[in-house]
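An overview of the molecular structure
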Amino acid sequence: MSTNHLLEINQYGQSIWMDNLTRDIIQSGELKDMVENQGISGITSNPAIFEKAIAGNVIYDADIEAGIRAGLPTYKIYESLVFADIRNACDILRPVYEASDRLDGYVSIEVPPTIAHDTEATIAEARRYFQEIGRENLMIKIPGTEPGLPAVEQVIADGINVNITLLFSVESYVNTAWAYIQGLEKRLAEGKDISKIASVASFFLSRIDSNIDAKIDAKLKKGVDDIAVEAKLKAVKGKVAIANAKIAYQEYKKIIRSERWQDLAAKGAKVQRLLWASTSTKDPDYRDVMYIEELIGRDTVNTVPPATIKACADHCNVSESLETDVDKAYTLIENLKDPDINIDLDTVMDELLVEGIDKFIQPFQSLMNSLEDKIKVLSPV
């Protein structure tokens, strides 16, 4: 048998989660096999994933019909489908959760993307999801928007596991890390246990390169007279996301050395791990596993879509790469300010956050529409 390189990655302190969930892989036993034999130790989901899973899939029809008979509105039928899948996935991953002392074995579900800018609604939905799904190894995904961070702090203080998603800038990651710490401090001040709470900070990758590469390609298309300038522009392509992630990890190391974190750790707090998300390459010219190979390091997670999981299992080159060429990463990010390149990274990150929320709202609304259509078809005349 050929080597499964995913299993090698775990030796360097990084966990591999899968960015996908469907009822098919639960019922067929495929998910159980991936967890038990192929190195998958967690699951992430989002509205786009559930749209693909549910729309046009007859496996959900019986439950949709049950919801119709119960007189449930479309949104509640949606929740009944998704919550059932999440519970079953949590149960499959429960042995990992217990064996890893609550480090891994989590399944993430996102609060509705339509409330990404509403702090109180996010807190209320996170509490409701956690209670109704009723699994200790559930993580609630909350977007790392400005209104999202106070929600993260409160939900952590409530004792709920949180996956902060849609992080693009290093600054947004740092703010997220302190929101987690503040939530733990608040819970501790209330005399409550902080040792059973977990969190990850989902730092996005390929979307950054796609955005910046498009800007560079537009500059090159206009024509560059100077060969040196052309070389500068080309040197940046496909490199920013990984450099940005390496810098974020350096900030993580500073945070866990801080006195505030050390005080919490002494009381049993679990470190909030950086999670690399959006890890399938969008440009066919790039190596298909580069967002895995180049970011392997301790106390991190990489959440990977199925096709990239297969590719990595087959041909990932595994080494402790996260802390290599860190100086070059800082230099590359600084070089974006060069007048010949002139890319404002802060503007790019702001664009990506707005787009990211929209990319979850659109499939969420599309799923609601397709569910309504299916309800009409399945409803008794």
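Report follows, based on the coordinates.

Rules of the game
- Residues numbered from 1 in each chain as written.
- Predicted model: local features only at pLDDT ≥ 70, side-chain atom pairs only at ≥ 80, totals over all residues.
- Heavy atoms only, no water.
- Pairing = 2+ DSSP bridges.
- Helix = DSSP H or I, 4+ residues; strand = E, 2+ residues; numbered from the N terminus.
- Axes fitted to C-alpha atoms, helices over the stretch in contact; angles between N-to-C directions.
- Contact = heavy atoms within 4.5 Å.
- Disulfide = S-S within 2.5 Å.
- Core = buried A, V, L, I, M, F, W, Y, C linked by side-chain atoms within 4.5 Å.
- Buried < 20%, exposed > 50% of the residue type's maximum accessible area, 1.4 Å probe, protein only.

Ordered by their spatial adjacency, eight strands build a closed barrel running β1-β2-β3-β4-β5-β6-β7-β8, and the pairing between neighbours is parallel. If you compare each strand with its neighbour and ignore which way they point, the axes differ by 30 degrees on average. Examined bridge by bridge, strand β5 (residues 162-167) and strand β6 (residues 199-204) share four bridges and lie parallel to one another. Residue pairing for β6: V162 is matched across the bridge by S199. Along the sheet, helix α9 (residues 170-189) contacts β5, β6 and β7 (273-277); its crossing angle with β6, the most-contacted strand, is approximately 170 degrees.

Okay, the state of the cysteines next. Within the structure shown, the criterion is met by one disulfide. A sulfur-sulfur distance of 2.2 Å marks the disulfide that ties C312 to C316. Given an S-S torsion of about -115 degrees, the disulfide between C312 and C316 has left-handed geometry.

With that out of the way, let us pick up the nonpolar core. Formed by 130 residues in total, the largest nonpolar core has its most connected members in L31, I86, I140, Y173 and F203. If we ignore the near neighbours within four places in the chain, the residues touching F203 are L167, F168, S169, V170, Y173, N244, A245, A248, L274, L275, W276 and A277.

On to the pairing of strand β8 (residues 300-304), then. Counting buried residues in β8 gives five out of five residues, a clear majority hidden from the surface. Residues T300, N302 and V304 of β8 are buried on one face, and the alternating residues V301 and T303, pointing to the opposite face, are buried as well. Here five bridges tie strand β1 (residues 14-19) to β8, and the two strands are oriented parallel to one another. Looking across to β8, one finds that S15 is bridged to V301. As judged from the three bridges shared by β7 and β8, these two strands associate in the parallel manner. If you follow W276 over to β8, its bridge partner there is N302.

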